[in-house]
Amino acid sequence: MAASAQAQIGAYVNPVFNRIDNSTPDTGPFAFLGDGVTSRTFGGLDFGGYYNITQGAGAKLGVDLRDTIVHANNASLNTFAVAARIEAPPLMHGLRPYAQLSVGAARSKAPQSSVHTTRGAFGGFVGLDLPLNPHVDFRIVELGYGGVTTTNSYIYGGATPIGSSTQISVSSGLVFRFRVPGLPKKEKLPSY
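Residues numbered from 1 in each chain as written. Predicted model: local features only at pLDDT ≥ 70, side-chain atom pairs only at ≥ 80, totals over all residues. Heavy atoms only, no water.

1. Here's the deal with the overall build of the protein
Working step 1: The number of helices and strands found in the protein is zero helices and 10 strands.
Working step 2: Along its sequence from the N terminus, the protein presents helices and strands in the succession β-β-β-β-β-β-β-β-β-β.
Working step 3: Here the protein holds 192 residues, and the buried ones make up 40% of them.
Working step 4: Within the protein, counting contacts between residues at least 6 apart in sequence, those at least 24 apart form 61% of the total.
Working step 5: For the protein, the computed accessible surface area is about 9,700 Å², with 67% contributed by carbon and sulfur atoms. (Helix = DSSP H or I, 4+ residues; strand = E, 2+ residues; numbered from the N terminus. Buried < 20%, exposed > 50% of the residue type's maximum accessible area, 1.4 Å probe, protein only. Contact = heavy atoms within 4.5 Å. Areas by Shrake-Rupley, 256 points an atom, 1.4 Å probe, with all protein chains shown as cover.)

2. Considerations on the sheet that holds strand β9 (residues 165-179)
Working step 1: If you trace the eight strands once around the closed barrel, you get β2-β3-β4-β5-β6-β7-β8-β9, paired in antiparallel fashion. The sheet shows a mean angle of 25° between the axes of neighbouring strands, direction not considered. (Pairing = 2+ DSSP bridges. Axes fitted to C-alpha atoms, helices over the stretch in contact; angles between N-to-C directions.)

3. Section: the pairing of strand β5 (residues 75-87)
Working step 1: Bridge count for strand β4 (residues 60-72) against β5 is 13 bridges, and the pairing is antiparallel. What sits directly across from Leu-61, in β5, is Ile-86.
Working step 2: The loop that links β4 with its antiparallel partner β5 comprises two residues; one of these, Asn-73, has a positive phi angle of about 55°.
Working step 3: Here 12 bridges tie β5 to strand β6 (residues 96-109), and the two strands are oriented antiparallel to one another. The residue bridging Arg-85 from the neighbouring strand is Gln-100, located in β6.

4. Points about the packing of aromatic side chains
Working step 1: Counted by the stated rule, this structure contains two aromatic pairs.
Working step 2: Here Phe-30 and Tyr-156 contribute two aromatic rings whose centre-to-centre distance is 4.5 Å and whose plane-to-plane angle is 25°, an arrangement assigned as stacked. Taken together, the residues Phe-30 in the loop between β2 (8-21) and β3 (39-52) and Tyr-156 in the loop between β8 (136-148) and β9 connect sequence positions 126 residues apart.
Working step 3: What makes Tyr-156 partly exposed here is its relative accessible area of 36%.
Working step 4: Summarising the aromatic geometry, the rings of Phe-32 and Phe-42 are spaced 5.3 Å apart at their centres and angled 5° between planes, so their arrangement reads as stacked. Of the two residues, Phe-32 sits in the loop between β2 and β3 while Phe-42 sits in strand β3, which places them 10 residues apart along the sequence.
Working step 5: You can call Phe-32 buried: its relative accessible area is 2%. (Phe/Tyr/Trp six-rings, centres within 6.5 Å; stacked < 30°, edge-to-face > 60°.)

Below you can see the structure in the form of structure tokens.
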């Protein structure tokens, strides 16, 4: 049986909650999580898009670009990341699981300072999308885990190394899919 697929991109803007943890408490005006605090929950928006490079009935390989902006306690974190993405073939009811690994840069500002610091970030994400119609999916859940170096006192001359913070993220929302202009509308795959 021959399978066909439309070349499409997906775009999303979803609420996100990040739990950011440090193993070492920081103090002073550059303490990102707050003076002496080692954990805090941030809220904001996760927006971006993906494109599956491979098409067809099997697993799809693609790329994802995203920008995540979160705030808490007057601190802010803006992370831009590029990810390699794999989407599994649809399961029952059309559910589409996916996973991705990302690298990028994060710009952070501590609550008591106007200084912004940019450092590297990495993450891994897994999620589950449910098609509602040919152009809209419900992103049931996306879970993420990663690391980011935020603004801290050690970067600005403090005595205690703070190290990278861990991030655990949870997101849900809608994904809008569109046909990519200039690409073939349908691609025939050989039947075996």
